[in-house]
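Chains, contacts and geometry: an overview
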Amino acid sequence: MAYASGQLPTTDVDHTYTTTGLNHRKLLMWTFLSSDCLFFGALIATYMVYRGQSLVGPYPIDIIDIPLTTISTFVLLCSSFAMVQALAATNRNDQRGIQLWLLATILMGATFIGFQIYEFNAFRMEGLKIDTNLFGTTFFTLTGFHGAHVTLGLVWLTILLIMGRKGKLGPAQSLDVEIAGLYWHFVDIVWIVIFTLLYLIGGFDAGPTAGLLIEPSLLSLPT
Amino acid sequence: MATATNVMARPASASGLWSWITTVDHKRIGILYGVTAFLFFLLAGIEAGVIRMQLAVPDNTLVSPDVFNQMFTMHATAMIFMAIMPMSSAFFNFIIPLAIGARDVAFPRLNAFSYWTFLFGALLIHFSFVVQQVPDAGWFSYANLSEKPFSSGQGIDFWALGLQVLGVASLAAAFNFVVTIINMRAPGMSLMRMPLFVWMTLVTSILLVLAFPVITVGLIELTMDRAFGTSFFNTAGGGDPILWQHLFWIFGHPEVYILILPPMGIVSEIIPTFSKKPLFGYPVMVFSGIVIGIMGWAVWSHHMFTVGLGPVANSVFTITTMLIAVPTGVKIFNWIGTMWGGSIEFKTPMLFAIGFVALFIVGGLSGVSHAVSPSDAQQQDTYYIVAHIHYVLFGGSIFGLFAGIYYWFPKITGRLMHEGLGKLNFWLMFVGMNITFFPMHFLGLNGMPRRIYTYSSDFGWDWLNLVASAGYFVLFAGIVAFLVNFFITVKNGKLAGHDPWDAPGLEWTIASPPPVYNFAKVPQVVGLDHYWLVKRRAAAEGHPITEAEAYVDPETIHMPSPSYWPIVTAFGVLVLAAGFLIEFPWPYIKFPVPIIGGIISFIGVLGWSFEPAAPEAHHGSEDHH
Amino acid sequence: MLLSPPDRADSPAQVSFRRFPMNNILKSTKQWFQGKHLLALGILALSLVLVACDANAKQSTFGTAGPVAEKQLLLFNVLMWVMVAVFVLVEGALLYAAIRFRRRPGQPLPKQTHGNTVLELTWTIIPTILILGLGIWSVTTLFELDKPPASAAGNTLDVTVTGHQWWFEFEYPNADGNGTVITTANELRVPVGRAVEVLLQSDDVIHSFWIPKLAGKVDMVPTRNNRLWFLADETGTFYGQCAEFCGTAHAQMKFLVQVLTQEEYDAWVAGFGQTPQLSAAAQAGQQVFNGAGGCVVCHTVNGSDNPAIVAGRMQGFLNTEVGIAPGPNMTDLATRQTFAAGLIDLNRENLRVWLTNPEDIKPGNHMASRATIYQTADGRTSLTQTQVSALIEYLLSLK
Ligand code: HEA
Ligand code: HEA
Ligand code: CUA
Ligand SMILES: [Cu+2]
């Protein structure tokens, strides 16, 4: 290493220097997402452990509406496409494109939330509340926290859209849009897992037929 | 710069209370973390005193069973979440940027947010004393004892919500340190040139990032059971209390490595320094730390050997748990290898470091004996476990952290702690710790269960308990010696100079205490044990080393400005969590207060995002857009 | 050197108090620790350890009296001596390094070694082998202890234990091989030399069933049917304890195990639950028990519990603040040594204290917190002392 003897070795780097070359905020988002993976992992695990454990109805097979949720899932997936376009428009400095695609992402995300509100309400009408049985408990908790993530994403995207309308988004802010996009895509991917497990696989679960965690002889437990 | 969206100008004061409230300087935040954590350590230590006094003699009636149960619950919760973790955090904050040659952490304001959230979470749990609803179900609050029908007060709510807030703080800090360590190393500091403390901080932070969400989910589920009548862990609705145990220990075991890896890192800095020899087997030390971090995920059910998971599960967890002794042993042997053939100077930090190794071996070996599940059936939930806990946590973590305090005190304050008092402090703590906790091995094997507030004389536990309680006073005296030492030397101690120990780390190349900007010019790292290489080359060539300050006018270095928003956002998080303690008899919204907290946080985050950056952002910080 | 002002290392010491004479203390300590003293210290330490492992203590895991606890102890003993050996070696090396390589004045920089692959491999491999050896042995023991040995088949005794806050209920679904059901509490009676298979349940929170001298613990979890077995090699009284924190009175949730000869056991089973002889005073007590005292709400005195009544008690316990809770079955109470979950000797004086205010014996217990007669300003019973005396008379005739 070449440095003058008698001096502490120093160096000149410009102020955007990072060790890996990655931006800090992007790395932060990735770290956060890895943490969020375990958050959803634990919630999903809870759901899976309690599959088929509900002591009273309604059970998934009674009320899960797969076609309906397939539509909302499709809409959410499309929103990821729109998000990609919004980032591309930002990089091209296509002001109209930015606003258009951000708006499209938000509308599709909001549609998804709309479906979810409808679904929650429909379940409630059919007698499934959060404290009705383990299905209700785990279902509303898991999808509720996912919905909250989507809602947060919507607020974030709306703020970006407002900035876009003021003409404050462009290639210089590409990272801002990209990070929001990372989050949005993650929330989408989590939904695919949830949709598969809760609807496509778990949607046909009935009552406690397949053996309870709790030994049946203990089911006379007081309520 | 987004001046048009300015919400508020950034605060400017550099001194006084206000400057501490708005500070984003990693060194100041480190000091805040350290002092706060130490206060909670003292408080939890006094709670331990209540436990020991109650158990000193049989059939004692000093405190009621309820108070006793509150004491061990709050003692352990405070020690783990409000003393050891934030004390480690204090070192992360103060030392890591210095040790990697950075001017601050990657996200200074996130760092401030983390401290305030920690403080608010700790205060929230302790507020339970004010309203007389103290948590009392132990530090792992097993369901379904923690469910409404069996814990009807608000104690468990305080516990769950307070931990939730503390979890936010830990996560924020962990995100920050992962990014800082990966991304802010000075040029030349490759991964395999990182000091071991930096490595262990990285591993710990990653463990935090992955472990905390699991307990977050557990606590959410517990809180929902209590607040909304769900049945996650409530047997009446078909819930299974064992699920709580899994969620808790999947977090809980990585957590114990979160508590021990930073002190292990600290000790790995100190032993080479005072042996005048590089760390023996550095790559293996790094690797074993990573392996411990990974294996820590595969052993959680060793806390559940008696739950009835069956012999197959117990076998698997027996073997995986025992195997952790291998990478840990490697560390121990390498520390001894470092001392071997060295030139060992017994300054106080070194004494604590050797004490750490000596005591941790005892705790580790008793740990291996728990891992053997058939005989653990005789040990689980007895004082034998309590002995293990304290050998690894007090003999391990606390000794390691004290070693760190003595080692970096001169860097932090510019002054040395007093050696005589330091040695007194060490010997009192070392002897006191053995008097207090060694008898507990025998108590446990003689059948004394833990968490009992009293025992009768005919069980043969009297004199060992008395000895243990007597040991507490020796420990107490040791900690008083530390406090005396601290208060005397913090203002009047001998001036330390920038490198009092002839240490190898980058942090010793700059003044003590370091200037706000840390490094006047970004250092170029020449190798592992950077400063030793530099000093030895200079000595060989006969040139004294000039200080980096000589190169640059500090006025031209711009640091991120202070900010109000971290504390505002943290306050919002507090209201959000504490709001679940206040129920309203309304049809749809039983808990309106959390909504207010959410709004405050949201405003905080908005203000944070659109705050004008410092006049000219310094390199690599979040503060520019 | 160019150093900023607060940094000057060569400024005079500023500590204003006198130097603490640590070095002198250390020196005299060092002298003391040599020769005879060291030997004496070693002997003292060893004898302390021997005294401290007290096999006679009531709940000592060293004083085993059955094969399960014995195997567990054997495993522990071997493990402990291995650990002692590792301890001596490693701490010895540490101590040796610290003393041998302490800095001496004028010493040059020591040789800068960075590692030694062979050495590092050695101290990875040796512990691994050691641990795998111990681990495999542990696993075989684990499976061995999982079920009673085949030789015991057909000759085992089944007991169902249910944990309650804060007492143990014992039910023998088939106490004598002819289908006799016995429900009792807090005192488990088993014949010597016969494997006992215990089914563990709980109807409130998690408890744990532990008889240190006979077998390690297994938890009683409200959603599980856990199992445990043990066998007592000798007759006598053994002490058990709840070992999972279960709330206020966890410390006082104990029980006794009476290991009887087969004849004694058979006699006990045959005589269990016969209608007691009641004196006039005892009959008065019976009236209080069934009437003013409201004791029958929670306690059964004549044979096994009716499941419907049990369920009702539990329901009441969970749903209301006062009035009802599952209480120990008190059939043949007077034949027990202790009451209040193994806590205190069964005699007149203690019963009087208990019936006057159970809180005085066991803070937090659900008899005091729920029974109507204790919902008074000072927690003392609303019955008169005459009624209490009658109750005691009655309880002590239950045999
Ligand atoms: C700093 C915290 C810390 C650390 C580092 C450890 C380290 C270990 N712990 Fe400990 N543990 C706790 C904190 C910690 N523990 C706490 C708080 C609890 C109680 C929780 C509660 O219930 O409240 C607990 C409980 C606990 C249990 C549950 C007991 C029970 O409740 O029944 C078990 C069981 O296996 C266990 C095992 C181990 C093992 C095998 C290690 C290993 O990592 C130790 C490895 C180290 C060594 C082995 C020593 C050095 C090695 C050598 C010198 C090499 C040669 C050695 C051999 C060949 C053996 N611990
Ligand atoms: C982080 C780790 C940690 C630390 C450092 C300690 C430190 C101590 N612990 Fe603790 N302990 C735990 C973690 C820790 N403990 C855990 C996890 C449990 C299990 C809890 C559970 O079951 O849920 C436990 C349980 C536990 C028990 C068992 C309780 C029971 O099961 O019933 C006991 C009993 O003796 C005990 C004692 C002590 C003592 C005497 C100290 C001493 O080392 C304390 C030393 C501190 C002092 C002596 C304080 C000095 C104070 C001053 C000098 C004050 C001066 C003040 C002013 C000037 C304002 N602890
Ligand atoms: Cu029951 Cu502890
Ligand atoms: Cu563990």
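Summary of the structure given here. (Residues numbered from 1 in each chain as written. Chains lettered and ligands numbered in written order. Predicted model: local features only at pLDDT ≥ 70, side-chain atom pairs only at ≥ 80, totals over all residues. Heavy atoms only, no water.)

Let us look at helix 14 (residues 419-445) of chain B. An α-helix turns once every 3.6 residues. As a result, residues three or four positions apart point the same way. All names here are of chain B. For helix 14, built from 27 residues, the straight-helix expectation of 39 Å at 1.5 Å per residue is met to within 8% by its first-to-last C-alpha distance of 39 Å. Ile435 marks the point of greatest bend in helix 14, at about 25 degrees, and the proline Pro439 comes within the next four residues. In terms of burial, helix 14 is largely enclosed, as 19 of its 27 residues are buried. (Helix = DSSP H or I, 4+ residues; strand = E, 2+ residues; numbered from the N terminus. Expected span 1.5 Å × (residues − 1). Bend = angle between axes of the 7 residues up to and from the residue. Buried < 20%, exposed > 50% of the residue type's maximum accessible area, 1.4 Å probe, protein only.)

Burial of nonpolar side chains together is a common tendency in soluble globular proteins. Of all hydrophobic cores here, the largest spans 332 residues; its most connected members are Phe41, Trp244 and Trp335 of chain B together with Tyr172, Phe209 and Phe230 of chain C. Sorting elements by how many residues they give to this core places helix 3 (residues 65-100) of chain B first, with 23 residues. Look past the residues within four positions of Tyr172 of chain C in its chain and what remains in contact with it is Leu157, Asp158, Val159, Thr180, Val181, Ile182, Thr184, Leu188, Arg189, Tyr265 and Trp268 of chain C. (Core = buried A, V, L, I, M, F, W, Y, C linked by side-chain atoms within 4.5 Å. Contact = heavy atoms within 4.5 Å.)

On to the environment of Ser35 of chain A. Relative to the assigned elements, Ser35 of chain A resides in helix 1 (residues 24-49). For the pair Ser35 of chain A and Phe74 of chain A, spaced 39 residues apart in the sequence, the C-alpha separation amounts to 26 Å.

Here we take up the sheet that holds strand 8 (residues 226-230) of chain C. Residues and elements named next belong to chain C. Strand order in the open sheet formed by five strands is 3-2-1-5-8, and the pairing between neighbours is mixed. Single-partner strands in this sheet number two, and they are strand 3 (182-185) and strand 8. Taken pair by pair, the neighbouring strands of this sheet meet at an average axis angle of 25 degrees, ignoring direction. (Pairing = 2+ DSSP bridges. Axes fitted to C-alpha atoms, helices over the stretch in contact; angles between N-to-C directions.)

Next up on the list: the site of ligand 1. Looking at ligand 1, there are 34 residues lining it, with Trp139, Tyr257, Asp376, His388 and Arg450 of chain B nearest. More than one chain reaches ligand 1: the nearby residues come from chains B and C. Contacts to ligand 1 include Trp139 of chain B, whose side-chain N or O atom sits 2.7 Å from an oxygen atom. Taking Tyr257 of chain B, its side chain carries an N or O atom lying 2.7 Å from an oxygen atom of ligand 1. For the shell around ligand 1, the secondary structure elements donating two or more residues are helix 7 (241-275), helix 10 (325-339), helix 11 (348-371) and helix 13 (383-413) of chain B together with helix 3 (67-100) and helix 4 (117-144) of chain C. (Near = heavy atom within 4 Å. Polar contact = N/O pair within 3.5 Å; in protein donor to acceptor, adjacent residues only side chain to side chain.)

With that settled, the discussion passes to the interface of chain A and chain B. In this assembly, 55 residues from chain A lie in contact with 65 residues from chain B. With both chains or domains summed, chain A and chain B bury close to 5100 Å², and 68% of this area falls on carbon and sulfur atoms. Where chain A touches chain B, the interface holds zero salt bridges. At the junction of chain A and chain B, the tally comes to twelve residue pairs in polar contact (both at pLDDT 80 or more). Every element with two or more residues in the side of chain A that touches chain B is listed here: helix 1 and helix 5 (134-165) of chain A. Tallying contributions element by element places helix 1 of chain A first for the side of chain A that touches chain B, with 14 residues. Residue classes in the side of chain A that touches chain B are distributed as 28 nonpolar, 20 polar and seven charged. (Buried area = accessible area lost by both parts, 1.4 Å probe. Salt bridge = Lys/Arg side-chain N within 4 Å of Asp/Glu carboxyl O. Nonpolar A, V, L, I, M, F, W, Y, C, P; charged D, E, K, R; others polar.)

Contact with chain B, which involves 112 residues of that partner, is made by 104 residues of chain C. Contact between chain B and chain C buries roughly 9100 Å² in total, counting both sides, with carbon and sulfur atoms accounting for 68%. In this assembly, chain B and chain C are joined by three salt bridges. Remark: the boundary between chain B and chain C carries 25 residue pairs in polar contact (both at pLDDT 80 or more). Of the residues in the side of chain B that touches chain C, the class split is 62 nonpolar, 34 polar and 16 charged.

So, about the coordination of the iron atom of ligand 2. Residues and elements named next belong to chain B. Binding of the iron atom of ligand 2 to the protein goes through His75 (NE2) and His390 (NE2), at separations of 1.9 to 2.0 Å. Of note is the iron atom of ligand 2, whose six donor atoms meet at the metal with angles of 88 to 178 degrees in an arrangement that counts as octahedral. Here His390 lies in helix 13 and His75 lies in helix 3, a separation of 315 residues in the sequence. (Donors = N, O, S within 2.8 Å, 3.2 Å for Na, K, Ca; no water. Tetrahedral: all angles 85-135°; square planar, octahedral: opposite > 155°, others 65-115°.)

Let's shift gears to the pattern of salt bridges. One pass over the structure, following the stated rule, counts 23 salt bridges over all chains. The salt bridge involving Arg25 of chain A is made with Asp176 of chain A; its shortest N-O contact spans 2.9 Å. One end of the pair, Arg25 of chain A, is in helix 1; the other, Asp176 of chain A, is in helix 6 (residues 174-201), and 151 residues separate them in sequence. Relative accessible area serves as the criterion here: at 23%, Arg25 of chain A is assigned to the partly exposed category. Looking at Asp176 of chain A, the relative accessible area reads 14%, which means it is buried. Residue Glu419 of chain B is joined to Lys423 of chain B by a salt bridge in which the shortest nitrogen-to-oxygen separation is 3.4 Å. Here Glu419 of chain B and its partner Lys423 of chain B are both found in helix 14, four residues apart, which amounts to about one turn of the helix. In terms of burial, Glu419 of chain B and Lys423 of chain B fall into one category: buried.

Once that is clear, we can look at the packing of helix 11 of chain B against helix 3 of chain C. At a minimum axis distance of 10 Å, the contact between helix 11 of chain B and helix 3 of chain C shows a crossing angle of 170 degrees. In this view, helix 11 of chain B runs roughly antiparallel relative to helix 3 of chain C, as classed from their interaxial angle. Both helix 11 of chain B and helix 3 of chain C take part in a crossing whose hand is right-handed. For the pair helix 11 of chain B and helix 3 of chain C, contact is made by Ile354, Val357, Ala358, Ile361, Val362, Leu365, Val368 and Ser369 of chain B and by Phe76, Leu79, Met83, Val86, Phe87, Val90, Glu91, Leu94 and Ala98 of chain C, respectively. (Parallel < 35°, antiparallel > 145°, perpendicular 65-115°, else oblique. Left-handed = near helix turned anticlockwise from the far one by under 90°.)

Right, let's talk about the packing of aromatic side chains for a bit. All names here are of chain B. With the rule as written, the count across this model stands at 101 aromatic pairs over all chains. A cation over a ring is seen here: Arg28 above Trp20, with NZ or CZ 4.3 Å from the ring centre. One cation-aromatic arrangement involves Arg536 over Trp532; the distance from NZ or CZ to the ring centre is 4.5 Å. (Phe/Tyr/Trp six-rings, centres within 6.5 Å; stacked < 30°, edge-to-face > 60°. Lys NZ or Arg CZ within 6 Å of the ring centre and 35° of its normal.)

With that out of the way, let us pick up a nonpolar patch on the surface. Among the surface-exposed residues, Trp427, Val431, Ile435, Trp463 and Val467 of chain B together with Leu41, Leu44, Leu48 and Val51 of chain C lie close enough to one another that they form a single nonpolar patch of about 720 Å² accessible area. Elements with a minimum of two residues in the nonpolar patch: helix 14 and helix 15 (462-492) of chain B together with helix 2 (36-52) of chain C. Here the nonpolar patch gets four residues from one element, more than from any other, and that element is helix 2 of chain C. Mapped onto the secondary structure, Val51 of chain C falls in helix 2. (Patch = residues over 30% accessible without salt bridge, like charges linked within 9 Å, V, L, I, M, F, W, Y side chains within 5 Å. Areas by Shrake-Rupley, 256 points an atom, 1.4 Å probe, with all protein chains shown as cover.)

Below, the discussion takes up the coordination of the iron atom of ligand 1. For a metal with four tetrahedral donors the ideal donor-metal-donor angle is 109.5 degrees, while six octahedral donors give ideal angles of 90 or 180 degrees. Residue and element names in this part refer to chain B. One donor from the polypeptide reaches the iron atom of ligand 1: His388 (NE2), at 2.1 Å. Here the iron atom of ligand 1 and the copper ion (ligand 4) are spaced 4.5 Å apart. Relative to the helices and strands, His388 is located in helix 13.

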